[in-house]
Amino acid sequence: MMAEQDDIRAMAQRFFDAIEAGDIETMQGSFTPDAEIWHNTDELIVTPAQTAQTLTGMVARIKDREYAERQLTTFPGGFVQQHVLKGKRVHDDGAVRLPCAIICKVVDGKITRLDEYFDSAHVAEFRKFANA
């Protein structure tokens with residue numbers, strides 16, 4: 001059982017490291033093709049492909065990305081991570097931070113469900129120049 005949780009821990013680390021690095025392919029490959037991704041701010045379920053599109057935009061707009069203060073807890077069949085996503089807007093060098101909690105279900109080393117909780121007020125700062 002500990003071996004499974006070690007694998008989940010390593011996979012979670014790779015997943016967030018990939019987003020930090022702007023490696024969308026590795027991020028998307030961490031999901032099963034039919035994975036469900038849900039955000040508390042809109043309560044919609046999106047696909048890994050839609051998530052890749054969203055994160056491609058974020059990577060283009062936000063530099064020096066860092067998942068800071070990672071608190072990763074694994075459990076049989078998944079993990080929870082709390083972190084603060086930090087970065088700087090490319091457009092105006094403005095610093096942004098997004099405290100967040102993510103709960104994932106994992107089957108055979110792939111994420112089948114991701115639920116993300118964050119304060120929508122912080123997201124406005126990330127998206128400030130999204131349409132500029």
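Scroll up to find the structure.
The rules behind the values
Residues numbered from 1 in each chain as written. Predicted model: local features only at pLDDT ≥ 70, side-chain atom pairs only at ≥ 80, totals over all residues. Heavy atoms only, no water. Helix = DSSP H or I, 4+ residues; strand = E, 2+ residues; numbered from the N terminus. Buried < 20%, exposed > 50% of the residue type's maximum accessible area, 1.4 Å probe, protein only. Contact = heavy atoms within 4.5 Å. 1 Å grid on protein atoms, 1.4 Å probe; cavity = no way out; pocket = protein on both sides within 12 Å on 5 of 7 lines; lining within 4 Å. Points joined across faces, edges and corners; volume = space filled by probe spheres on them. Nonpolar A, V, L, I, M, F, W, Y, C, P; charged D, E, K, R; others polar. Pairing = 2+ DSSP bridges. Axes fitted to C-alpha atoms, helices over the stretch in contact; angles between N-to-C directions.

1. Things to note about the environment of Cys104
One can find Cys104 in strand β5 (residues 95-107). Cys104 gets classed as buried once you look at its relative accessible area, which sits at 0%. Sequence separation between Cys104 and Ala12 is 92 residues, and the spatial gap between their C-alpha atoms is 9.1 Å. Those residues within four positions of Cys104 in sequence are excluded, and the remaining contacts are Phe75, Gly77, Gly78, Phe79, Ile111, Arg113 and Leu114.

2. A word on the layout of surface pockets
By volume, the largest pocket is sized at about 620 Å³. Top element by residues in the lining of the largest pocket is helix α3 (residues 48-61). It accounts for seven residues. Within the lining of the largest pocket, the residues separate by chemical class into 16 nonpolar, seven polar and four charged.

3. Overview of the sheet that holds strand β2 (residues 45-46)
What the six strands build is an open sheet, ordered β2-β1-β6-β5-β4-β3; its pairing is mixed. Each edge of the open sheet carries a strand with a single partner, namely β2 and β3 (62-75). By the bridge criterion, ten bridges tie β3 to strand β4 (residues 78-89) in an arrangement that is antiparallel. Paired with Gln71 across the bridge in β4 is Gln82. Packed onto the sheet, helix α1 (residues 2-21) meets β1 (31-39), β3, β4, β5 and β6 (110-118) and runs at close to 170 degrees relative to β3. Packed on one face of the sheet, α3 meets β1, β2, β3 and β4 and runs near 135 degrees to β3.

4. Observations concerning the pairing of β5
Side-chain direction in a regular strand flips from residue to residue, so the side chains alternate between the two faces of the sheet. Side chains Val96, Leu98, Cys100, Ile102, Cys104 and Val106 of β5 all project onto a buried face; the interleaved residues Ala95, Arg97, Pro99, Ala101, Ile103, Lys105 and Val107 project onto a face where none is buried. What sits between β4 and β5 in their antiparallel hairpin is a turn of five residues, with Asp93 showing a positive phi close to 65 degrees. In the sheet, β5 pairs with β6 via eight bridges, with the strands oriented antiparallel. Paired with Ile103 across the two strands is Asp115, which belongs to β6. Remark: two residues form the turn of the hairpin made by β5 and β6, two consecutive strands paired antiparallel; Asp108 in that turn has positive phi of roughly 50 degrees.

5. Notes on the environment of Thr112
As for its position among the elements, Thr112 is in strand β6. On the accessibility criterion, Thr112 (24% relative accessible area) is partly exposed. Here the alpha-carbon distance between Thr112 and Phe31, two residues 81 residues apart in the chain, equals 6.1 Å. If we ignore the near neighbours within four places in the chain, the residues touching Thr112 are Thr32, Ala35, Glu36, Lys105, Val106 and Val107.

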